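# Summary of the model geometry
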Amino acid sequence: MHQNQTLIKSMEVLRLFEQYESLTLTEIVEMLGQPKTTVYRMVSSLQSMGWISRRKDSRYELGLLFVHYGQLVLERLNIRDLVLPVMRQLSHQLGETVNLIVREGLEGVYIEKVEAVHPVRIYHQRPGDRVPLYAGACPRVLLSFLPDEEVAEYLRHVELRPFASGTITKIQDLQMTIIESRRVGYTISHAELVDDTSAVAAPIFNHLGEVVAGLSIAGLTSHFSDERLPNLTMSVRQAAKECSCLLGYPERESQLERLNG
């Protein structure tokens, strides 16, 4: 068999294990429709290299080598570099500023920003700026999609202080906002960090289904009318979903369904 064809057929063997936890040699032969001797050679080669392993019951499963290389990939992933093209496309599409934020302790840290081109420049958070998790759509989306126990612990100890006219300053209001954010899958803020500005944000999840970043569209409140909000929220959710897929988030289980029980 030609070398390239051998590689292609070997990949077909490995892809079977995306759907099945373990397979017998006979099952692999039937699924591939290849001669048993050919399949046996490919399986034996993959086993010798550590890509698959043979259990005591003679069934095959993915080998530990996947764990090793998978961990290397995860360690080397740079969220900013992965999602920046998505941010640029979103900003170009909507004509608004797009922010990327990650959590560090009890704060959100802005790590990237794609600035909108407007005749009137307004103040936005810049990369490196830190803000509390309760204030503003982008920071709060990180808080909203944390596990229940972490949210509860945060609410027990946080001191809510105002930054602008719309900052949430009551725990009960913050709790209700978090519940609503989980229900709809995004957050909205008006004048929470800076007066006359608004934002909508959606969560970005990693391969484990954990929230690792927030993506937001921010601009003048006049740009966030009731007529325009549905398009803004749909766009930021779709972009965040695309970013989550780049980080290996499995779409088969909805994070909203998991959190909402």
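Below you will find a few notes about this structure. Values in this document were obtained by computation on a predicted structure and should not be read as measured data.

### Structural notes on the nonpolar core
By size, the foremost hydrophobic cluster in this structure holds 28 residues, and its most contacted members are Leu 143 and Leu 174. Taken together, the elements giving at least two residues each to this core come down to helix 6 (137-144), helix 7 (148-157), helix 8 (171-184), strand 7 (197-205) and strand 8 (211-220). The element contributing the most residues to this core is helix 6, with 5 residues. In this structure, Leu 143 is in contact with Leu 133, Tyr 134, Val 151, Tyr 154, Leu 174 and Ile 178, ignoring residues within four places of it in sequence. Among the nonpolar cores identified, the runner-up in size contains 25 residues, and Leu 215, Phe 224, Cys 243 and Leu 247 belong to it.

### Quick word on the environment of Leu 247
With respect to the secondary-structure elements, Leu 247 resides in the loop between helix 9 (229-246) and helix 10 (255-260). With 169 residues separating them along the chain, Leu 247 and Asn 78 place their C-alpha atoms 9.4 Å apart.

### Structural notes on the pairing of strand 4 (residues 107-114)
Within strand 4, 6 of the 8 residues are buried, which leaves it mostly tucked inside the rest of the structure. By the bridge criterion, 7 bridges tie strand 3 (residues 97-104) to strand 4 in an arrangement that is antiparallel. Bridging from a neighbouring strand, Ile 101 pairs with Tyr 110 of strand 4. Joining the antiparallel neighbours strand 3 and strand 4 is a turn of 2 residues, in which Gly 105 adopts a positive phi near 65°. Where strand 4 meets strand 5 (residues 130-132), 3 bridges bridge the pair, whose relative direction is antiparallel. What sits directly across from Gly 108, in strand 5, is Val 131.

### Here we look at the side chain of Ser 235
Relative to the elements of secondary structure, Ser 235 occurs in helix 9. The contacts of Ser 235, once residues within four sequence positions are left out, are Leu 90, Gln 93 and Leu 94.

### Re the pairing of strand 7
With 9 of its 9 residues buried, strand 7 lies for the most part within the structure. Pairing of strand 6 (residues 187-190) with strand 7 involves 4 bridges; the strand directions are antiparallel. Of the residues in strand 7, the one forming a bridge with Thr 187 is Ala 201. What sits between strand 6 and strand 7 in their antiparallel hairpin is a turn of 6 residues, with Ala 191 showing a positive phi close to 55°. Note: strand 7 against strand 8, 9 bridges, orientation antiparallel. If you follow Phe 205 over to strand 8, its bridge partner there is Val 211. The turn joining strand 7 and strand 8, which pair antiparallel and follow one another in sequence, is formed by 5 residues; a positive phi near 80° is taken by Gly 209.

### Let's talk about helix 5 (residues 79-94)
The end-to-end C-alpha separation of helix 5 is 22 Å, in line with the 22 Å expected for 16 residues at 1.5 Å each. The sharpest bend along helix 5 comes to roughly 30°, located at Pro 85. For helix 5, the complete set of buried residues consists of Val 83, Leu 84, Val 86, Met 87, Leu 90, Ser 91 and Leu 94. The secondary structure elements touched by the buried residues of helix 5 are strand 3, strand 4, strand 8 and helix 9. The opening residue of helix 5 is Asn 78, an N-cap whose side-chain oxygen sits 3.0 Å from the backbone nitrogen of Arg 80. Backbone geometry just downstream of helix 5 places Gly 95 in the positive-phi region, at approximately 75°.

### Details of the packing of helix 5 against helix 9
Two elements in contact, helix 5 and helix 9, have axes separated by 9 Å at closest approach and are oriented at 165°. One finds that helix 5 runs roughly antiparallel with respect to helix 9. When you trace helix 5 past helix 9, the crossing you get is right-handed. Contacts from Leu 82, Val 83, Val 86, Leu 90, Gln 93 and Leu 94 in helix 5 reach Asn 231, Leu 232, Ser 235, Val 236, Ala 239, Glu 242, Cys 243 and Leu 246 in helix 9. For the contact of helix 5 with helix 9, a count of residues per class yields 10 nonpolar, 3 polar and 1 charged.

### As for the sheet that holds strand 3
Hydrogen bonds between backbone groups are what pair the strands of a sheet, and the pairing can be parallel or antiparallel. Strand order across the open sheet formed by 6 strands is 5-4-3-8-7-6, with antiparallel pairing between neighbours. The open sheet has two free edges, formed respectively by strand 5 and strand 6, since each of these has just one partner strand. For this sheet, the mean angle separating the axes of adjacent strands, direction not counted, is 30°. Relative to strand 8, helix 6 is tilted by about 155°, and along the sheet it contacts strand 3, strand 4, strand 5, strand 6, strand 7 and strand 8.

### What about the environment of Leu 100?
With respect to the helices and strands, Leu 100 occurs in strand 3. Beyond its immediate stretch of four places on either side in the chain, Leu 100 contacts Ile 79, Arg 80, Val 83, Met 87, Val 109, Tyr 110, Ile 111, Glu 112, Ile 204, Ala 213, Gly 214 and Leu 215.

What counts, and where the lines are drawn
- Residues numbered from 1 in each chain as written.
- Predicted model: local features only at pLDDT ≥ 70, side-chain atom pairs only at ≥ 80, totals over all residues.
- Heavy atoms only, no water.
- Core = buried A, V, L, I, M, F, W, Y, C linked by side-chain atoms within 4.5 Å.
- Buried < 20%, exposed > 50% of the residue type's maximum accessible area, 1.4 Å probe, protein only.
- Helix = DSSP H or I, 4+ residues; strand = E, 2+ residues; numbered from the N terminus.
- Contact = heavy atoms within 4.5 Å.
- Pairing = 2+ DSSP bridges.
- Expected span 1.5 Å × (residues − 1).
- Bend = angle between axes of the 7 residues up to and from the residue.
- Polar contact = N/O pair within 3.5 Å; in protein donor to acceptor, adjacent residues only side chain to side chain.
- Axes fitted to C-alpha atoms, helices over the stretch in contact; angles between N-to-C directions.
- Parallel < 35°, antiparallel > 145°, perpendicular 65-115°, else oblique.
- Left-handed = near helix turned anticlockwise from the far one by under 90°.
- Nonpolar A, V, L, I, M, F, W, Y, C, P; charged D, E, K, R; others polar.

By themselves, these observations are geometric and do not establish any function.
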